[in-house]
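Architecture at a glance
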Amino acid sequence: MKFEDLLLEIGGFGRFQILILFILCLPRINLPMHFLLHNFLAATPSHRCAVPHQEAFVNLTVEEVLLISIPREPDGTFRSCEMFSQPQFHLLLNSSLQPENDSIIQPCQHGWVYDHSQFTSTISTQWDLVCEQRGLNQATATFFFIGVTMGAVVFGYLSDRFGRKAMLLLSLVCSLVFGMLSAASVSYSMLAITRTLTGVGLSGVSLIVLPLGMEWVDIQHRTLTGILTSIFWSIGNMLLAMVAYLVREWHWLLVAVTGPCLLSIVCLWWVPESARWLIANGKVKQAHRHLLRCARMNGRKDFAVSPEALRRMATDKKPGESYSYISLFRTPVLRKISLCSGAVWFGVAFSYYGMSMNLTGFGLNMYLSQFVFGIIEIPAKVIMYFLVNRVGRRQSQAWALLLPRGCSLTIVTNVSSCLLAFTSLRSVVAIMGKGFSEAAFTTVFLYTSELYPTVLRQNGMGYTSFVARLGGALAPLVFLLDEVWRSLPEVTYCGVAVCCGSVAFLLPETLNVRLPEGIEDIEKAQ
């Protein structure tokens, strides 16, 4: 008897499973509020050099003081990072003149003045992370994703070793503690460290929520479970836009997006450990208790199974044998799956965060962009629900990864075209690309959960998430390439997505296939 046969007897998608999924969706809402927080936390408002001793120019207006103190761009706006070494009073007679000698132009010497009309404060304005320090601003997101990368390795292994629920609780507690410490940061170094540790904690949440839910549902409802869980990520996307719009001060914004972790910790009390994991690890008494509770809640009161029967369902795991990340590469088929899925995850994350962290590049207000990007994900996921059940996981994954960058390439190749002078057209193309990009992320979570066996599922998710977070960590840094060529970031995103999307065609199909329990199930299936 397989575990799927047992689910048919106790109810594979009843009130018990619905309750679990609802509770697990609460931390899922919280994830994008941190993963995409950089858009608002590190936003850089308009700024210019601070002019010292302005009170000395008593006969000049503020505009005239700026005119003689700060050089202007060709479009007439004042430069953000440069000032004159000495006041240029001749510009008062003819403001159209531009200094011919660049030696009188120097970097800002006395700090910056920021436009606070949109943000009360961000980390950019707090610690002057602009101009020469712009790299540190982008690095804040990279530090966070480095933490997520480390957390993927740690929690992927620990959740296969010590159980899904215990590690989910630990990751939520870590997220809450370090998230609040981030809000209390008094220096950039403290913020970088605490954001990194917050990423470690949230990585566990990202890894464990979907597999824990899927391990309790039957084959027919696996896709629905994956899509439903993913939709709550999109809801979190929209909530982030609303919270960021209401809270414009970065300390309190961090508090606002971290606080919901406390609710998730409390609600986790009602979520049981995965019965699949318990059986696979010989903890049949606990599994038996949870299965009886499931049957009772689902109205299957006539269900009866002995612990001895559950013990016979366990895989042929030898006493004392343990699995690690090395196990993902020991056998031929599993090795191929691991290498290919790692490449796909890198491409998905690199592409997704490349679009999600460029809210100001698509012609919309950044709050509206964030909200619209969240809304467009929902129909994209509904469409993927039907596609992965009709076309299959493999084809859906590959094309969902290839198509978003096609939309981005349209923007790049037509950047000089008069058509893209219309902001609305550029926004539509960007929104379509974002929808495809999220569809790729939705599919890869579902697909990967089905590719790996129960004894290695969290190790597999941890490994692939590790590779994905490398992509997420590199994505914000690619924006710095615009200093070489304005379109180079998008060309880079497109090239990586095409290569990684093509690799998805090499993975096996998992549509309507039982979840494998042991490594031998993977090897025999090929």
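Starting afresh in each chain, residues are numbered from 1 along the sequence in its written order. Local features in this predicted model are restricted to residues of pLDDT 70 or higher, and side-chain atom pairs are both shown and tallied only at a pLDDT of 80 or more, whereas totals for entire chains, interfaces and linings draw on every residue. By convention in this description, side-chain values take in all heavy atoms of the structure and omit both hydrogens and water.

**Details of the UniProt feature "transmembrane region" (unreviewed entry) in the protein**
Feature annotation in UniProt places "transmembrane region" (unreviewed entry) on residues 139-159, 166-186, 192-212, 224-246, 252-271, 337-355, 367-388 and 400-422, given in this structure's numbering. Span residues 224-246 is 100% helix and 0% strand, its end C-alpha atoms 33 Å apart. UniProt positions are given in the numbering used here, feature names are shortened, and annotations may be inferred rather than shown by experiment. Segments assigned H or I by DSSP are reported as helices when at least four residues long, segments assigned E as strands when at least two residues long, and all are numbered from the N terminus.

**Here we look at the packing of aromatic side chains**
Any two rings among Phe, Tyr and Trp, with Trp reduced to its six-membered ring, count as a pair given centres within 6.5 Å; such a pair is stacked if its planes are under 30 degrees apart, edge-to-face if over 60, and tilted if neither. Tallying each qualifying case throughout the model produces 24 aromatic pairs. Summarising the aromatic geometry, the rings of F35 and F144 are spaced 5.4 Å apart at their centres and angled 85° between planes, so their arrangement reads as edge-to-face. Taken together, the residues span a long stretch of sequence, with F35 in helix 2 (residues 15-35) and F144 in helix 6 (residues 134-162) at a distance of 109 residues. Each member of the pair, F35 as well as F144, is classed as buried. A ring is considered to have a charge above it if a Lys NZ or an Arg CZ atom is located within 6 Å of its centre and within 35 degrees of its normal. Lying across the ring of F445, R28 places its NZ or CZ 4.9 Å from the centre. When accessible area is computed with a 1.4 Å probe and restricted to protein chains, residues below 20% of their type maximum are described as buried, those above 50% as exposed, and intermediate ones as partly exposed.

**Some remarks on the packing of helix 8 (residues 188-214) against helix 9 (residues 222-246)**
Helix 9 packs onto helix 8 with a crossing angle of 150° between their chain directions and a minimal axis gap of 9 Å. It follows that helix 8 is roughly antiparallel to helix 9 by the angle criterion. Relative to helix 9, the crossing made by helix 8 is right-handed. Together, V209, L210, G213 and M214 of helix 8 and R222, T225, G226 and T229 of helix 9 make up the contact between the two elements. In terms of residue class, the contact of helix 8 with helix 9 is built from three nonpolar, four polar and one charged. For helices, the fitted line uses only the C-alpha atoms of the stretch in contact; every axis is such a line through C-alpha atoms, and the angle between N-to-C directions lies from 0 to 180 degrees. For classification purposes, angles smaller than 35 degrees are called roughly parallel, those larger than 145 roughly antiparallel, those between 65 and 115 roughly perpendicular, and all remaining angles oblique. Each helix crossing is assigned a hand: it is left-handed if the near helix lies turned anticlockwise from the far helix by less than a right angle, otherwise right-handed if that turn is clockwise. Here, residues are in contact when the closest pair of their heavy atoms is within 4.5 Å. The nonpolar class holds Ala, Val, Leu, Ile, Met, Phe, Trp, Tyr, Cys and Pro. Asp, Glu, Lys and Arg form the charged class, and all remaining residues, Gly among them, are polar.

**Let's talk about a nonpolar patch on the surface**
In this scheme, patches are assembled from residues that exceed 30% relative accessible area and form no salt bridge. Like charges are connected within 9 Å, while nonpolar side chains (Val, Leu, Ile, Met, Phe, Trp, Tyr) are connected within 5 Å. Per-residue and other accessible areas follow the Shrake-Rupley method at a 1.4 Å probe size, with only the shown protein chains counted as cover for residues. Every case where a carboxyl oxygen of Asp or Glu lies within 4 Å of a side-chain nitrogen of Lys or Arg is listed as a salt bridge. Taken together, W399, L403, V428, M432, F436 and F505 make up a surface patch of nonpolar side chains, about 530 Å² in accessible area. Put simply, the parts of the chain that give the nonpolar patch at least two residues each are helix 17 (393-413) and helix 18 (423-451). Per-element tally for the nonpolar patch: the top contributor is helix 18, with three residues. Residue position: W399 is located in helix 17. Classification of W399 as partly exposed rests on a relative accessible area of 45%.

**Thoughts on the state of the cysteines**
In this description, the term disulfide denotes a pair of cysteine sulfurs within 2.5 Å. Taken as a whole and assessed by the stated rule, the structure comprises two disulfides. Residue C49 pairs covalently with C108 via a disulfide, S to S 1.7 Å. The sign of the -70° torsion about the S-S bond sets the C49-C108 disulfide as left-handed. Here the residue C49 occupies a position in strand 1 (residues 47-49), and C108 occupies one in the loop between strand 3 (105-107) and strand 4 (112-114), the gap between them amounting to 59 residues. Comparing C49 with C108 shows no difference in burial state: the two are buried. The disulfide bridge from C81 ends at C131, spanning 1.9 Å between sulfur atoms. Of note, the bridge from C81 to C131 carries an S-S torsion of about -90° and is left-handed in sense.

**Brief notes about the pattern of salt bridges**
For the coordinates displayed, the defined rule picks out nine salt bridges. A salt bridge links R79 to E82, with the shortest nitrogen-to-oxygen separation between them at 2.6 Å. Classification of R79 as partly exposed rests on a relative accessible area of 22%. Of the charged contacts, one joins E215 and R457 as a salt bridge, the two residues approaching to 2.9 Å between their closest N and O atoms. Note that E215 is positioned in the loop between helix 8 and helix 9 and R457 in helix 19 (residues 457-478), a separation of 242 residues in sequence. When salt bridges that share partners are traced, they join D160, R164, E215 and R457 into one network.

**A word on the nonpolar core**
Grouping buried Ala, Val, Leu, Ile, Met, Phe, Trp, Tyr and Cys residues that are joined through side-chain atoms within 4.5 Å yields what is termed a nonpolar core. F35, L168, L291, L310, Y353 and F441 are the most contacted members of the largest nonpolar core, which has 122 residues in total. The leading source of residues in this core is helix 8, at 12 residues. Discounting residues that sit within four places of it in the chain, Y353 has contacts with F35, L36, F145, W233, F441, R469, G472 and A475. L66, F78, C108 and W112 belong to the second largest nonpolar core, which has 14 residues in total.

**Describing the packing of helix 8 against helix 19**
At a minimum axis distance of 10 Å, the contact between helix 8 and helix 19 shows a crossing angle of 135°. When the axes of helix 8 and helix 19 are compared, the pair comes out oblique. Read as a crossing pair, helix 8 and helix 19 show a hand that is right-handed. Residue-level inspection shows S203, S206, L207, I208 and P211 of helix 8 in contact with helix 19, the latter providing R457, Q458, M461, G462, S465 and R469. Across the contact of helix 8 with helix 19, the residue classes break down as four nonpolar, five polar and two charged.

**Observations regarding unusual backbone geometry**
The phi dihedral of D128 is positive, around 50°, even though this residue is not glycine. The topology assignment puts D128 in the loop between helix 5 (123-127) and helix 6. Residues other than glycine seldom take positive phi values, yet N512 does so here, at roughly 60°. Residue placement: N512 occurs in the loop between helix 20 (488-503) and helix 21 (519-525). A relative accessible area of 61% places N512 in the exposed class.

**Focus: the side chain of R222**
Tracing the backbone through its elements, the reader meets R222 in helix 9. Taking the relative accessible area as the measure of exposure, R222 reaches 1% and is therefore buried. Setting aside its immediate chain neighbours within four residues, R222 contacts E4, M214, V217, L446, E450, T510, V513, R514 and L515.

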